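Read off the chains here:
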Amino acid sequence: MSSLSRRSILSLGAALGLASVAGAVPAWARSAAAGTSTATDPWWVWDDAVDRLVAALLDSGQVPAVNSAMRSWVNNSDPLPDGLPADLAAYLQQVNQLPSWADRTKLRLAADFNRRKDTYLFMLYGLGSGIMSTVIPREATAVYWSAGGANMKDRAAKTFTFGYDLSEVSAFEPTGQFVVTANKTRLVHAAVRHLLPRSPHWRAANEEQIPISNGDILVTFHSLGTFVHRKLLEWHVPMSAADEDAFLHMWQVAIHLLGVRDEFIPRTWAEADAQSAQVLTPILNPTPEGKELAKELLGLTAQVDLGVTRGFLNEFVRYVLSNEIGDWLELPRDYAAAALIRTGWPAYIAFREGLLPVMPAGFYLFDQFVRAIAMLFLNNGTSPTSTPITIPTANRPE
Ligand code: HEM
């Protein structure tokens, strides 16, 4: 782990007001302070049980059979499919359920919140978090050098499936699909932990020895949930305290299902913001891999008729993420579009939310753009042709 990450963990304790009280520093911050790698430091925690199982499946060539068996396993209430090796079935039986602390009332409110705010959410996850992932060096290099990096259209569709299943009204209900999708993703991550260390390219681009630790997953969570929540506040999108709390709870359950230990999961938005400022913001940086991924992702988005120019799309990404990130990704400037977005977007939100009596100029342009991004998301999530999440058996082809 880099010294930066260690420092980040230490200052996270301080940020949460924990370090000043003797004995109140969380165990994982103490281990980081001592410079030791223990199971209480999120950058040294992976997902041991499933990692062992999936590594054995990869080594014995059983993954293709597991992938075919899992094809029919979709809804949360589906029984585990026949044909899974007994140890994998026993493991899935154990984890394919909500944690005991999950609050179904909050999850239902979160689902309703997702429905009410869906257009902003699609926009923020897609053009914000999606592009931000390309300037998170460990994530960008992992994605680029894994099998999925060679086919970003397919990978984006699979990732959309995750977002769609999480945001759906019945996400956590028996008729929903998110619990299963999260478990499939957990298996994919376990395979990546076994496969990527064998890639000389990934090793050359990365300081970590094993990818996707609990710490890495928390970083990605902050680029998704924490970032989106902060933007909604910045954009003055009306939300009740209960909505905000429910949205956090949904993410807490989601990252638990992805294998993050409960003691590492932020308990409040204040903790999440503090953690994000310590572990996400300082590590954002361009990499050759990330720049290429961003180019591909924006190229794929621009293929759809968004009703706006490519310059507008680039400027929207800059508006959502920052000019610094836009410069890192070498997004060409379109100052006229930038000016339009700066004034038109806040007015669009205010009018949509009933806070502005008169329809602002440019309303229809923004509305068409928002709808096109939402359709892109929904089509990829629901299309019967969208590729189901499957466990990879190799890295990016040479
Ligand atoms: C695969 C979501 C964290 C790297 C996936 C997939 C999903 C997903 C849905 C399956 C789609 C596919 O197979 O392409 C998430 C979420 C995360 C998270 C919601 C955290 C909240 C991370 C982190 C890394 C990472 C931290 C690396 C540092 C990968 C890689 C794949 C993958 C390399 C496999 C790509 C392939 O070869 O197909 N992730 N992920 N993920 N994820 Fe994550």
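Scroll up for the structure.
So, here is what we can say about the structure in this document.

### A look at the overall build of the protein
Scanning the protein from N- to C-terminus turns up 19 helices and zero strands. Counting across all 398 residues of the protein, residues that qualify as buried make up 55%. A sequence separation of at least 24 residues applies to 74% of the contacts in the protein between residues at least 6 apart.

### Digging into the side chain of Thr181
On the secondary structure map, Thr181 appears in helix α10 (residues 178–195). The contacts of Thr181, once residues within four sequence positions are left out, are Phe162, Asp165 and Ile389.

### Quick word on the nonpolar core
Counting residues in hydrophobic clusters, the biggest one holds 92 residues, and the most contacted among them are Phe172, Trp345 and Phe369. Sorting elements by how many residues they give to this core places helix α13 (residues 241–257) first, with nine residues. Residues in contact with Phe172, not counting those within four places in the same chain, are Asn76, Leu98, Arg104, Leu107, Leu166, Phe178, Met250, Val253 and Leu257. Core analysis: the next-biggest nonpolar cluster, separate from the first, contains 22 residues, Met70, Leu187, Ala190 and Ala191 among them.

### Some points on the side chain of Asn76
You can see Asn76 is positioned in the loop between α4 (63–70) and α5 (86–95). Take Asn76: its relative accessible area is 14%, and that puts it in the buried class. At 2.9 Å, the side chain of Asn76 forms a polar contact with the backbone oxygen of Ala171. A distance of 3.4 Å separates a polar atom in the side chain of Asn76 from the backbone nitrogen of Val180.

### Here's the deal with the packing of aromatic side chains
Per the counting criterion, the structure on display carries 22 aromatic pairs. With a centroid separation of 5.8 Å and an interplanar angle of 45°, the aromatic rings of Phe221 and Trp251 are classed as tilted. Taken together, the residues Phe221 in helix α12 (residues 214–234) and Trp251 in helix α13 connect sequence positions 30 residues apart. A ring pair is formed by Phe351 and Phe363, whose centres lie 5.2 Å apart and whose planes are at 85°; its orientation type is edge-to-face. Taken as a pair, Phe351 in helix α18 (residues 335–352) and Phe363 in helix α19 (residues 363–382) lie far apart in primary sequence, twelve residues in all. For Phe351, a relative accessible area of 22% gives the class partly exposed.

### Notes on the site of the ligand
Every one of the 20 residues lining the ligand counts as a neighbour, but Ser146, Gly148, Arg155, His189 and Thr220 are closest to it. Arg155 places a side-chain nitrogen or oxygen 3.2 Å from an oxygen atom of the ligand. The side chain of His189 places a nitrogen or oxygen atom 2.9 Å from a nitrogen atom of the ligand. Contributing elements (two or more residues each) for the shell around the ligand: α8 (137–145), α9 (152–167), α10 and α12. Classifying every residue of the shell around the ligand by side-chain character gives ten nonpolar, five polar and five charged.

### Examining α5
Every buried residue of α5 is listed here: Leu88, Tyr91, Leu92 and Val95. Each buried residue of α5 sits inside an arc of 95° when the element is viewed along its axis, so together they form one side. Across α5 from its buried face, at more than 90 degrees, point the exposed residues Ala86, Gln93 and Gln94. In this structure, the buried residues of α5 make contact with α3 (48–59), α4, α10 and α13.

### Regarding the coordination of the iron atom of the ligand
The protein supplies the iron atom of the ligand with one donor atom, His189 (NE2), which lies at 2.1 Å. As for its placement among the helices and strands, His189 is situated in helix α10.

### Describing the packing of α9 against helix α15 (residues 288–303)
Remark: α9 packs on α15, axes separated minimally by 10 Å, with the N-to-C direction vectors making an angle of 75°. In this view, α9 runs roughly perpendicular relative to α15, as classed from their interaxial angle. Each of Met152, Lys153 and Ala156 in α9 lies in contact with α15, whose residues at this interface are Leu293, Glu296, Leu297 and Leu300. Among the residues making up the contact of α9 with α15, the classes are represented as five nonpolar, no polar and two charged.

### With respect to the environment of Pro197
You can see Pro197 is positioned in the loop between α10 and α11 (200–205). By relative accessible area, which is 21% here, Pro197 ends up partly exposed. For the pair formed by Pro197 and Glu208, sequence separation is eleven residues and the distance between their alpha carbons is 9.0 Å. Non-local contacts of Pro197, meaning those with residues more than four positions away in its chain, are made with Val192, Trp202, Arg203, Gln209 and Pro211.

What counts as what
Residues numbered from 1 in each chain as written. Predicted model: local features only at pLDDT ≥ 70, side-chain atom pairs only at ≥ 80, totals over all residues. Heavy atoms only, no water. Helix = DSSP H or I, 4+ residues; strand = E, 2+ residues; numbered from the N terminus. Buried < 20%, exposed > 50% of the residue type's maximum accessible area, 1.4 Å probe, protein only. Contact = heavy atoms within 4.5 Å. Core = buried A, V, L, I, M, F, W, Y, C linked by side-chain atoms within 4.5 Å. Polar contact = N/O pair within 3.5 Å; in protein donor to acceptor, adjacent residues only side chain to side chain. Phe/Tyr/Trp six-rings, centres within 6.5 Å; stacked < 30°, edge-to-face > 60°. Near = heavy atom within 4 Å. Nonpolar A, V, L, I, M, F, W, Y, C, P; charged D, E, K, R; others polar. Arc of directions from axis to C-beta. Donors = N, O, S within 2.8 Å, 3.2 Å for Na, K, Ca; no water. Axes fitted to C-alpha atoms, helices over the stretch in contact; angles between N-to-C directions. Parallel < 35°, antiparallel > 145°, perpendicular 65-115°, else oblique.

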